Amino acid sequence: MKNELSIIRKIADGTPHNKNDLLNLIPSESQLLRIIRNIKEMGLSIKEENDCYRLETPLELLSGSIIYSHLEQFDNRKNIAISVDDILESTSNKFHPYDIDDNSVKVSITEYQLSGRGRENRQWFSPFGSGICFSIFQEIPNIKSPIGLSVFLGVKILGCLEELGLKGIKVKWPNDFYFNNKKLGGLLIELSQNSADNLVATVGLGMNYLLPSNLQWDDILSHSAIDIHSIKGDMTISRNFLAANLINTMIKSLDAFNDESLKDLQLVWGNFDMLIGKQLKIQVGDDIYQGIDSGIDSLGQLILDDNGISKKVISGHILEWNN
């Protein structure tokens, strides 16, 4: 992938680049054409005009130093180690939770994941440099029950986005983000233990930042997609700045989470839930539950009202809902 990355970085600005200039990086035209095809398979749109190549959608590439400079503006006292990679199988595999201690946080962020995934091993696809894809590895020793962690983090992320002027984004229980019924992103949480036998959370976030316009997303994904660029209107939000804000929010939220966190959130959950009051069909293991979304309990479990009978769902996949 070294040659592909060289070409992407060369044309990331979106301006036309003469084929001869690119051939200074690649030894032959046939190899250049193969590399261009590979780049397109990574989800990017490259236009060829008058013997020049240009990237249809310019990229703001990730920079560890820029992300660190933004993080320094926050009152975050954790020792944060950030690894920025061009390509990874998955950010959730970059570090081992066993090595995480109570004073350190590790963050893996990448331009492109070869095997990005969401809940229940569903694919998460994001073109190269077009999203915010990272995993945070952090100890959370002060809780007995982590059931509501994904709900708690989801709401905190909505608060972060709203502070940046991105209003109207909602959560689809437990941790997917939607705007106008189109998916913006989601969380994936995995729990394990470190060398001190304390609980460590590996929290992955995938969020669309600026998607290429050429792809037919409904053909690739099982849902309609939307990105930050489409939501923000005339505002300018740097990709590195957004990544730093989300990283900071998640680290502080993991620190703050405790067994009482969901009690207050339970009262205001309806303001964040995109499906509150709607009839749902949920797959729970081999079973299908149906009922009206009636909010969450103090543990973050979804409450369904099925003709007056209350059912609680700890974890499940929402298959359908009425609009």
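This section reports on the structure supplied with the text.

What counts as what
Residues numbered from 1 in each chain as written. Predicted model: local features only at pLDDT ≥ 70, side-chain atom pairs only at ≥ 80, totals over all residues. Heavy atoms only, no water. Helix = DSSP H or I, 4+ residues; strand = E, 2+ residues; numbered from the N terminus. Rg over C-alpha atoms; globule rule 2.2 N^0.38 Å. Buried < 20%, exposed > 50% of the residue type's maximum accessible area, 1.4 Å probe, protein only. Contact = heavy atoms within 4.5 Å. Pairing = 2+ DSSP bridges. Axes fitted to C-alpha atoms, helices over the stretch in contact; angles between N-to-C directions. Core = buried A, V, L, I, M, F, W, Y, C linked by side-chain atoms within 4.5 Å. Phe/Tyr/Trp six-rings, centres within 6.5 Å; stacked < 30°, edge-to-face > 60°. Lys NZ or Arg CZ within 6 Å of the ring centre and 35° of its normal. Parallel < 35°, antiparallel > 145°, perpendicular 65-115°, else oblique. Nonpolar A, V, L, I, M, F, W, Y, C, P; charged D, E, K, R; others polar.

Moving on: the overall build of the protein chain. When you go through the protein chain residue by residue, the secondary structure sums to nine helices and 15 strands. Against the globule reference of 20 Å for 323 residues, the protein chain gives a C-alpha radius of gyration of 21 Å, in line with a compact fold. By its C-alpha atoms, the protein chain is 70 × 45 × 40 Å across when sized along the principal axes. Buried residues in the protein chain amount to 52% of all 323 residues. Contacts in the protein chain between residues at least 24 apart in sequence constitute 67% of all its contacts with a sequence separation of at least 6.

Here we have five strands laid out as an open sheet, ordered β14-β13-β12-β11-β15, and antiparallel in their pairing. Looking at the sheet topology across the chains shown, the edges are occupied by β14 (309-313) and β15 (317-321). Each adjacent strand pair in this sheet contributes to an overall mean axis angle of 45°, direction not counted. Across five bridges, strand β13 (residues 302-306) lies against β14 in antiparallel orientation. Bridge pairing in β14 places Ile 303 opposite Lys 312.

The next point concerns the nonpolar core. Generally speaking, soluble globular proteins have nonpolar side chains that are buried together. Membership of the largest hydrophobic core comes to 63 residues, with the highest contact counts inside it found for Phe 134, Leu 161, Phe 177, Met 207 and Leu 246. The biggest single contributor to this core is helix α5 (residues 149-163), with nine residues. Once residues lying within four places of it in the same chain are set aside, the contact partners of Leu 246 are Ile 132, Phe 134, Ile 157, Cys 160, Leu 161, Leu 205 and Met 207. Of all hydrophobic cores here, the second largest spans 22 residues; its members include Met 42, Leu 44, Ile 87 and Phe 128.

By the definition in use, this model includes four aromatic pairs. Summarising the aromatic geometry, the rings of Phe 152 and Phe 257 are spaced 5.3 Å apart at their centres and angled 50° between planes, so their arrangement reads as tilted. Of this pair, Phe 152 sits in helix α5 while Phe 257 sits in the loop between α8 (239-256) and α9 (261-268), placing them 105 residues apart in sequence. The same class applies to Phe 152 as to Phe 257, namely buried. One cation-aromatic arrangement involves Lys 311 over Tyr 289; the distance from NZ or CZ to the ring centre is 5.5 Å.

So, about the packing of helix α1 (residues 2-11) against helix α3 (residues 29-41). Their axes nearest at 10 Å, the elements α1 and α3 cross at an angle of 80°. Taken as axis vectors, α1 and α3 run roughly perpendicular relative to one another. Two secondary-structure elements touch here, α1 through Asn 3, Glu 4, Ile 7 and Ile 8 and α3 through Gln 31, Leu 32, Arg 34, Ile 35, Ile 36, Asn 38 and Ile 39. Across the contact of α1 with α3, the residue classes tally to six nonpolar, three polar and two charged.

Taken across its 10 residues, strand β5 (residues 104-113) has nine buried, putting it largely inside the fold. As paired elements, strand β4 (residues 79-88) and β5 share nine bridges and run parallel to each other. Bridge pairing in β5 places Ser 83 opposite Ser 108. Bridge count for β5 against strand β6 (residues 131-139) is five bridges, and the pairing is antiparallel. When the bridges of β6 are listed, Thr 110 appears paired with Cys 133.

Glancing now at the sheet that holds strand β3 (residues 52-55). If you walk across this open sheet you meet the three strands as β1-β3-β2, and the pairing is antiparallel. Edge strands, defined here as strands with exactly one partner in the open sheet, are β1 (17-18) and β2 (46-49). Pairing analysis gives four bridges linking β2 to β3, with the strands arranged antiparallel. In the sheet register, Glu 48 faces β3, and the bridge partner there is Tyr 53.

Within the fold, Glu 48 resides in strand β2. Owing to a relative accessible area of 47%, Glu 48 belongs among the partly exposed residues under this scheme. C-alpha of Glu 48 to C-alpha of Pro 16: the two residues are 32 residues apart in sequence and 8.5 Å apart in space. If we ignore the near neighbours within four places in the chain, the residues touching Glu 48 are Lys 19 and Tyr 53.

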